[in-house]
Amino acid sequence: MTMTTQRRTRLAKSGVLAGLLLGAVFAAGPVLWMLSSSFKSNTEIFELPPRLITGSFSFDAYTAILTNSETLRFFFNSYLVAGAVTILTLLVAIHAAYAFSRFEFRGKRVLNVVIISVQAVPPITLLIPYFGLVVALGLYNTYPGLIFTYMVFTLPYAIIMMTGYMNTLPRELDEAVRVDGAGSLTALWRVLVPISVPGIVSVGIYTFMIAWNEYLFALTLTRTTEMRTVPIGIQLLMGQHSYEWNQIMAMSILGSIPVLILFLVLQRFFISGLTAGSVKS
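Undergrad: I keep staring at the overall build of the protein chain and nothing clicks. Help me out?
TA: Along its length, the protein chain carries 14 helices and 0 strands. Ordering the α and β elements of the protein chain from the N terminus gives α-α-α-α-α-α-α-α-α-α-α-α-α-α. Relative to its length of 281 residues, the protein chain is extended, with a C-alpha radius of gyration of 24 Å against a globular reference of 19 Å. Here the C-alpha coordinates of the protein chain stretch approximately 75 × 70 × 35 Å along the principal axes. Partitioning the contacts of the protein chain with sequence separation of at least 6, the portion at a separation of at least 24 is 74%. On the protein chain, roughly 16100 Å² of surface is accessible, and the fraction owed to carbon and sulfur atoms is 70%. Averaging the positions of the 18 positive and the 12 negative side-chain charges in the protein chain gives two centres separated by 13 Å.

Okay, structure coming up:
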């Protein structure tokens, strides 16, 4: 009986490990192939049988990307837009979450429904209306046009997450500050924000990822190469008659690095922020 139980336990553990290994290979395989292809020539990428480790290791694709002023402009635009969207989204979300978490006011339930409803709408259905609105406001092919558009899609999630996180914080903290004569904003920025860093970091990383990787609206709301972002820059490497596959892979790797670094550096805050924000709402 004991041997049977031990055998089942070992089989269960072996099955879990096999599943995890298969999942790791499935997830990491395309990334490893993309990284390998970025160091190959276009001819080597399609050779048969395929090889993960190239025989003629080369940085030519990365050199072509990093010495091209046009592609560097794509990275600058992505950093500027994603950074601005992240900062503005966090500023608005923190104040909105504080209001939803700490105050009762007329229309609170309606606003909650609206925020959740906006989060549920597929962005592609709003493409044509937003294009007309951006053109009418004179924001077409501008940074504000992209930034304000992205905020429409990042704010609902940010407000929901930050509200859930602030609901876990004791009301006595900010009430004690107000008893001492300070205002609500002082209680928010001096007390609640410093202890809400995990939640703020998790929302910030999510917001940055959305803005950094967005393709459809960046393609529709910009016209010139001076305003294009990294996802559009990758697509522009696909010419009419030939694809620069090694440069596409190299630019994809370079475009993934900022988000990867953010996650690795702030992983501890990111996980704890998501967990805390989902416990109580």
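Undergrad: Would you take a moment to explain the packing of aromatic side chains for this structure?
TA: The geometry of two aromatic rings is summed up by the distance between their centres and the angle between their planes. Throughout the structure, instances matching the rule amount to 12 aromatic pairs. Ring centres of Tyr-157 and Tyr-206 lie 3.9 Å apart, and the angle between their planes is 35°; this geometry places the pair in the tilted category. Taken together, the residues span a long stretch of sequence, with Tyr-157 in helix H7 (residues 143-166) and Tyr-206 in helix H10 (residues 197-213) at a distance of 49 residues. Geometrically, the ring pair formed by Phe-208 and Trp-212 is stacked, given 5.6 Å between the ring centres and 15° between the ring planes. Taken as a pair, Phe-208 and Trp-212 lie in helix H10 at a separation of 4 residues, close to a single helical turn. Here a set of aromatic residues connected by ring pairs shows up, and it is made of Phe-39, Phe-59 and Tyr-62.

Undergrad: Please explain the domain arrangement of the protein chain as it appears in this structure.
TA: By a frequent convention, interface size equals the accessible area lost on bringing the separate parts together. In terms of domain boundaries, the protein chain breaks down into domain 1 (2-38) and domain 2 (61-278). Averaged C-alpha coordinates put domain 1 and domain 2 at centres separated by 34 Å. Buried area between domain 1 and domain 2, both sides added, is near 490 Å², and the carbon and sulfur share of it is 77%. Per-residue buried area on domain 1 facing domain 2 is highest for Met-34, Ser-37 and Ser-38; these three make up 84% of the total on that side. On inspection of domain 1 and its partner domain 2, the count reaches 1 residue pair in polar contact (both at pLDDT 80 or more). Each residue belonging to the side of domain 1 that touches domain 2 can be placed in one class, and the counts come to 2 nonpolar, 2 polar and no charged.

Undergrad: Can you help me understand the packing of helix H4 (residues 69-102) against helix H8 (residues 171-179) in this one?
TA: In the contact formed by H4 and H8, the axes pass within 12 Å of each other and the chain directions differ by 100°. With respect to H8, the axis of H4 lies roughly perpendicular. In this structure, H4 contributes Tyr-98, Ser-101 and Arg-102 to the contact, and H8 contributes Arg-171, Asp-174 and Arg-178. Classifying every residue of the contact of H4 with H8 by side-chain character gives 1 nonpolar, 1 polar and 4 charged.

Undergrad: What is the right way to look at the side chain of Asn-77 in this model?
TA: By secondary structure assignment, the location of Asn-77 is in helix H4. The exposure class of Asn-77 is buried, given its relative accessible area of 0%. Asn-77 has contacts with Tyr-143, Thr-225, Glu-226, Met-227, Arg-228 and Thr-229, leaving out every residue within four places of it along the chain.

Undergrad: What is the right way to read the pattern of salt bridges from this model?
TA: If the charged atoms of two oppositely charged side chains come close together, the side chains can form a pair. In total, this model carries 1 salt bridge according to the counting rule given. Where Lys-108 meets Glu-104, a salt bridge forms, and the shortest distance between an N and an O atom there is 3.3 Å.

Undergrad: Explanation requested: a nonpolar patch on the surface in the structure shown.
TA: Residues Ile-87, Leu-88, Leu-91, Val-92, Phe-148, Leu-185 and Trp-189 make up a contiguous nonpolar surface patch of roughly 630 Å² in combined accessible area. Residue assignment for the nonpolar patch shows that the elements contributing at least two residues are H4 and helix H9 (184-195). By residue number, the principal contributor to the nonpolar patch is H4, which donates 4 residues. Along the polypeptide, Val-92 turns up in helix H4. You can call Val-92 partly exposed: its relative accessible area is 37%.

Undergrad: Just to check I follow, could you spell out unusual backbone geometry for this structure?
TA: Backbone phi values are negative for most residues with the exception of glycine, while trans is the configuration of most peptide bonds. We note that Asn-141 has phi near 65°; this positive angle belongs to a residue other than glycine. In this structure Asn-141 comes out as buried when scored by relative accessible area, which is 12%.

Calculation rules
- Residues numbered from 1 in each chain as written.
- Predicted model: local features only at pLDDT ≥ 70, side-chain atom pairs only at ≥ 80, totals over all residues.
- Heavy atoms only, no water.
- Helix = DSSP H or I, 4+ residues; strand = E, 2+ residues; numbered from the N terminus.
- Rg over C-alpha atoms; globule rule 2.2 N^0.38 Å.
- Contact = heavy atoms within 4.5 Å.
- Areas by Shrake-Rupley, 256 points an atom, 1.4 Å probe, with all protein chains shown as cover.
- Lys, Arg positive; Asp, Glu negative; His and termini not counted.
- Charge placed at Lys NZ, Arg CZ, Asp CG, Glu CD.
- Phe/Tyr/Trp six-rings, centres within 6.5 Å; stacked < 30°, edge-to-face > 60°.
- Domains from an automatic or database assignment.
- Buried area = accessible area lost by both parts, 1.4 Å probe.
- Polar contact = N/O pair within 3.5 Å; in protein donor to acceptor, adjacent residues only side chain to side chain.
- Nonpolar A, V, L, I, M, F, W, Y, C, P; charged D, E, K, R; others polar.
- Axes fitted to C-alpha atoms, helices over the stretch in contact; angles between N-to-C directions.
- Parallel < 35°, antiparallel > 145°, perpendicular 65-115°, else oblique.
- Buried < 20%, exposed > 50% of the residue type's maximum accessible area, 1.4 Å probe, protein only.
- Salt bridge = Lys/Arg side-chain N within 4 Å of Asp/Glu carboxyl O.
- Patch = residues over 30% accessible without salt bridge, like charges linked within 9 Å, V, L, I, M, F, W, Y side chains within 5 Å.

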